[in-house]
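Coordinate inspection notes
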Amino acid sequence: MFNLLFGIHVCNFLSTNLWTTSLLYSHQNWMGSFKVAARTGGWSPLVSDRYQWFEVDLGRRTCITAVATQGRYGSSDWLTAYLLMFSDTGHNWRQHRQEDSFGAFPGNSNADSVVKYKLKQPVIARYLRLIPLDWNPSGRIGLRLEIYGCRYTSDVANFDGSSSLVYRRSARPSWKAMEVVSLKFKTHKNSGTLLHAEGKRDDSLTLVLEKGRLLLYHQQGVSSSSSGQLLLAVGSLLDDQHWHHVKLQRLSTHLNLTVDKNTRQVHTPAELIHWDINQVRETSAQVVCLKPILSNKNFHGCMENLLYNDLNLIHLAKRNNHQASVVGNVTFSCAEQVSVAVTFTHSQSFLQLPGLTSWSSGVVSMALQFRTWNKAGLLLTFNLLQKGGTVWLYLSEGRLRLQINKAGRAELELSAGSGLNDGQWHYVELNSRHDHLSITVDTDEGATCLVFPSLGCPAQEGSPQCKNPFKVFQGCMRLLTVDNQPVDLIKVQQRLLGKYSHLQIDMCGITDRCSPSRCEHGGRCTQSWSTFHCNCSNGGYRGATCHSSKYEKSCEVYKHKGNTSGYYHIDVDGSGPIKPQLIYCNMTEDVSWMVIRHNNTELTRVHSSPDRHGHLAHFDYASEEEQLAAVISQSERCEQELSYLCRKSRILNTPEGAPLAWWVGGAGPGEIQTHWGGALPGSRQCACGLQDNCLDSNHYCNCDADLEANDSGLLTHKGSLPVRSLVLGDIQREGSEAAYRVGPLRCHGDRNFWNAAFFDKETSYLHFPTFHGELSADIAFLFKTKSSSGVFLENLGIKDFIRIELRSASEVVFSFDVGNGPLEVRVETSVRLNDNRWHSIRAERNVKEASLRVDGFPAAVHEAPADGHTQLQLNSQLFIGGTASRQKGFLGCIRSLQLNGVTLDLEERAKVTPGVRPGCPGHCSSYGSLCQNQGRCVERVIGFSCDCDQSAYTGAFCHEEVSASFKSSTSVAYKFKESYEAKRNISTSPFSIYSDLTLRGENISLSFRTSQCPALLLYVNSFHREYLALLINKHSEDHYIVRPIRILWEVEVEFTFGLCSKWYYGKFRILLTSDMEFNGIKSLILGRVQGKRGLSSLASLGFTGCLSGVCFNSISPLKAALLHPDSPVIVSGPLVQSSCGGSSTSANPYTTETTHSLSDQPGSVDPGQPLVNSIRSDSVLVGGVIAVVTFVTVSAMAIMGRFICSRKETYRKQEVKTAAQPEDCHELPFSGRAESLGAPSENQKEYFI
């Protein structure tokens, strides 16, 4: 006995004698409703299993609107779930699915109650089949059925592939603002031209079925060799021999194409903007016909209700109307080809057929058609007893492969075809004739082998089992033939032929999960039999359906994540339809500017010309229109510079007359604006007119005085931004000259990011309209609280719901129900979330999965069932901060709440809601750590800022070093005020420090870059003729040190730079204490020190190089000199602000940065505060601490120096080209004793640092 096995998982089958033919009820005169088995108690098959069905023949095609079920009378037999199938012919059944693609219908809970299901979309069919899925476990399958509907009539035409129907319009048709062509079609061919419409100038639109998809082409000229321009592609698997509805709609600017429920829209091509109207009015040449223009195949199938506007063209052709004619063999009934398909649905599906006796001679022939989305799967296998062995025909990576196994080894492998998992029908033929074996795919012979080897069975002798080593096949098969004899699959279904399990016979259940695509934002959809995948790599989105944006919504958000100025992708509406855009963010101490440039931001000169009537300039922005509008809308302030320099070129001329120059700005195409920079909208003025200081008091603009002048200022009215074009009209006169500049659009502030509400009662909440996130929903917000639990958000439906809550101090739960039962996604954090600091939550649910992320912790993900309900159906109000039951309310702040990219205005709703306050202060607890280098966090009404007054740095986070280039003659002297001056003059400047300050400890930090050695980095003196100095000196042949020295002891901090670089880099923070007090500080000097005895040799050298980030306790002399000219700083010699400090510390990865605490006070030191320690006289302890610190520092720096020298080439690439070669650094003899540098007076003391 030979067995032919299709789509098997395990070839081990149990024999069974159980099969039941389902009953067939027919009622020819059915009208309003149809009841089954009311008098007999109902239908109950002999065997209750999932292979039973109940079929009804309604006698003709009928519009079915509802079905009702009931259990069998007086029994415990009823259905709890079932499927509905429909057909026009009694074959090729189609499963009816609900709106969200879930196919099962709920049944009964007892034998007597009636459960009625109204179909959301009526179904037109002649046959109805009900398939039981589940039934009462204490009973059997039992059913009473009632069907509701009405008679259906239509006009049908059948086309045989060489026939057509032609309709010619009348000579003078009436004008219509909208034209529509609609039809229904069914076919088993995957290609053919459905519809072709021609215009006056031979422009045409053509609907073509290509590989089961409907394509709309525009073609210029019938005789053109071009295949036309593809406008739209809609639909998939349209060759399934089921009716599909098509609607082509022409509007004024758009073409809409609808296939079934999927609608696509495209702008009308320029050639067709007036095409239809001209044809309607002027010509009778317009043709609606069925003929091949772009395809070499005519349509083969049936059409129904072909309508052009209100005209039924098939009805006209049936009545031989002169406008509608047929060409070829067109019949007015649908002749359908019957082919029985079988669907392999999952891993347990198989079909076993008996082999033929002719196979014993080695002659094998079989063929089939299949379609699938899977790249791999076993199609069929069989044994050859004469030769011995097992034949496997399977798919692998979309290619068809044939393998012959003997004794567990692959004796032969053949392959043919490619891309066979495209969902199309593919024909496969296998032939074996003695010593010749071949497989053919789609009529092209793919592989041939001339030697048929000896074969054997891999299973043990006598064992009936064989295991499939390949993946199971999931897909459809049809037209199976064995030795040129078709296999009767209806007999298989009736258990009269072969065996099967888990099959759907007489239908192909393939579905296209990518049509319409659930991948959002241009994600590319790929699929298998049971699921789909989205490739989001080409856009700025992520997630299972490319729903969520990768980027932030504004520069403000980037800033509060610690980012500095630079280019960033901004997605202004998050998961909304607006694309991300690359924008420059200028992060300042106070605000974050979004800078959007256009094609001409430079000063542009316009010269006079008598031949020109004016000058017109258009400005094209880097952002798209909808991006610009969204940025302006959500920003607190926007501005744009508009400057006009003129000589005999007027703007307004007279206040009342027509303007000579204007600009266009605002949303969309914009509107003409006659106010200029610095003036108010509608004022017809320039800035000088508003300030009443124009050159000529009779005019409102300086340029209207007809002199050489300037009218410049900022445009700040958001409704008139951005500037789109500029018109200058007064440039014809002799001597006229003008220049204009339109700056980039600059906006700051994010209204949405700081929109917050504070909930101070558990019973309080905010309510908003119902949240609509049927297929995709993302929710993002920030919160802070001291409470350990509470509901953030809740929205309810009849059964569905969505909720996000803080269940405990370290657990957030996202729960929902879309009809498949409640599900929870939870994230447990390692830190407590009720610490009154801001925390972020992002939840997303789509048809693929649900996810939840809290702060930076790993996201929790829960996959959705493959064939479950997908639509979230809500109908109540959306509650924020509480629930409808007023229980488990949230206590704390919720901020920046966004649903599908739309921010809810919490503040506005909180103003009118008891128990809720708008806004939420206290941001420094969360964002204060962003302020660096002793910057101080300052609370603001919305947000915070970093106060850098006490820092040597500047920038949004006090992170930008203030650097300057020094020459040998440069000197920067910071003067301290004397105590008596301080008593008389109280200054508020942060740079005004008084000399009566007594220092017991110094906190010195700076960065330097120099080729000079020895060098003086910093010098501080006092009114008592005491001073401190920070020197660079040579320690040995290849070691250099920065040596801080006090009068009583000496400390060396060693840096191993050697001679491997032309420049020496260093960044230090040195904390020193002593038992000596440093009183009456007079000045702090950088660079050359004038007239100081004891330092004459260094004073003559000064300092050459770059200094950056200089800080002496709370004094920043370099920052004061460069950025605050009103500070008490005297600068002599050249001082140029430079980025050398930043380049040497950031670009050079080997820059040394050390922090040394030379205090005799144990414990850690806060570098952000001046160091003031109590002095201990225990010199042993002091010496021990100093010795330990020195040893550790020297060891660390020696290791770093070796590493730096190994990267010599890196230093050389980063050096400044003009840097001088380092001279041989002679050691400067000095020590901690004052007399070693000369003979100062007895009152003078020296401190070398």
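Residues numbered from 1 in each chain as written. Predicted model: local features only at pLDDT ≥ 70, side-chain atom pairs only at ≥ 80, totals over all residues. Heavy atoms only, no water.

**What about the overall build of the protein?**
When helices and strands are counted, the protein shows 14 helices and 88 strands. Across the 1249 residues that make up the protein, the buried fraction comes to 54%. A separation threshold of at least 6 residues defines the contact pool for the protein, and within that pool the share at least 24 residues apart is 71%. Working note: accessible area of the protein is about 55200 Å², and carbon and sulfur atoms make up 50% of it. (Helix = DSSP H or I, 4+ residues; strand = E, 2+ residues; numbered from the N terminus. Buried < 20%, exposed > 50% of the residue type's maximum accessible area, 1.4 Å probe, protein only. Contact = heavy atoms within 4.5 Å. Areas by Shrake-Rupley, 256 points an atom, 1.4 Å probe, with all protein chains shown as cover.)

**Looking at the state of the cysteines**
Following the criterion strictly, the structure yields 14 disulfides and no others. Here Cys536 connects covalently by a disulfide to Cys546, the sulfurs 2.0 Å from one another. Judged by the torsion about the S-S bond (-90°), the Cys536/Cys546 disulfide is left-handed. Taken as a pair, Cys536 in the loop between β42 (532-535) and β43 (541-542) and Cys546 in the loop between β43 and β44 (548-549) lie far apart in primary sequence, ten residues in all. Here the two residues Cys536 and Cys546 agree in accessibility, since each one is buried. Each sulfur of the disulfide joining Cys688 and Cys694 lies 2.0 Å from the other. For the disulfide bridge between Cys688 and Cys694, the dihedral angle about the S-S bond is near 85°, and by the sign convention the bridge is right-handed. Of the two residues, Cys688 and Cys694, neither departs from the other in class, the shared state being buried. With no disulfide of its own, Cys63 has Cys150 as its nearest cysteine by sulfur position, at a separation of 4.4 Å. Accessibility expressed as a relative area gives 15% for Cys63, which makes it buried. (Disulfide = S-S within 2.5 Å.)

**What about helix α5 (residues 625-634)?**
Turning to α5, its buried residues are Gln627, Leu628, Ala630, Val631, Ile632 and Gln634. For α5, the elements touching its buried residues are β46 (581-587), β47 (592-596), β50 (635-647) and β56 (745-750).

**Observations regarding the packing of aromatic side chains**
Inspection of every chain in the model, using the stated rule, returns 27 aromatic pairs. Here the aromatic rings of Tyr765 and Phe879 are separated by 4.9 Å at their centres, their planes lie at 70°, and the arrangement is edge-to-face. Highlighted residues: Tyr765 in the loop between β57 (756-759) and β58 (766-768) and Phe879 in strand β67 (residues 878-880), separated in sequence by 114 residues. Take Tyr765 and Phe879: they sit in the same class, and that class is buried. Aromatic pair Phe792 and Phe890: ring centres 4.9 Å apart, planes at 50°, arrangement tilted. You can see Phe792 sitting in strand β60 (residues 790-796) and its partner Phe890 sitting in the loop between β67 and β68 (892-899), a full 98 residues away along the chain. The same class applies to Phe792 as to Phe890, namely buried. An aromatic cluster is defined as three or more aromatic residues linked by ring pairs; in this entry it consists of Phe759, Phe781, Phe783, Phe792 and Phe890. Above the ring of Tyr51, the side-chain terminus of Arg495 is found at 4.6 Å from the ring centroid. Taking the ring centre of Tyr500 as reference, the NZ or CZ of Arg495 above it sits at 4.3 Å. (Phe/Tyr/Trp six-rings, centres within 6.5 Å; stacked < 30°, edge-to-face > 60°. Lys NZ or Arg CZ within 6 Å of the ring centre and 35° of its normal.)

**A look at the nonpolar core**
Core analysis: the biggest nonpolar cluster contains 67 residues, and Ile570, Tyr644, Ile651, Trp676, Leu728, Leu745 and Phe944 have the highest contact counts within it. If near-sequence neighbours (up to four positions away) are discounted, Leu728 is found in contact with Val606, Gly614, His615, Tyr644, Leu660, Ala661, Trp676 and Tyr740. (Core = buried A, V, L, I, M, F, W, Y, C linked by side-chain atoms within 4.5 Å.)

**Quick look at the sheet that holds β58**
Read from one edge of the open sheet, six strands run β58-β67-β60-β61-β62-β63, paired in antiparallel fashion. The open sheet has two free edges, formed respectively by β58 and β63 (823-828), since each of these has just one partner strand. Between one strand axis and the next, the sheet turns through 15° on average, direction left out of account. Both strand β62 (residues 811-817) and β63 contribute to a ladder of six bridges, which runs antiparallel. (Pairing = 2+ DSSP bridges. Axes fitted to C-alpha atoms, helices over the stretch in contact; angles between N-to-C directions.)

**Observations regarding the pattern of salt bridges**
This model, assessed by the stated rule, comprises 34 salt bridges. Measuring nitrogen to oxygen at the nearest pair gives 3.4 Å for the salt bridge that ties Asp134 to Arg50. Note that Asp134 is positioned in strand β9 (residues 115-135) and Arg50 in the loop between β4 (33-36) and β5 (54-70), a separation of 84 residues in sequence. Exposure remark for Arg50: the relative accessible area of 52% places this residue in the exposed category. When the shortest N-O distance is used, the salt bridge between Arg807 and Glu824 registers 3.0 Å. Of this pair, Arg807 sits in strand β61 (residues 801-808) while Glu824 sits in strand β63; the two residues are 17 residues apart in sequence, bridging distant segments of the chain. Taking the relative accessible area as the measure of exposure, Arg807 reaches 32% and is therefore partly exposed. (Salt bridge = Lys/Arg side-chain N within 4 Å of Asp/Glu carboxyl O.)

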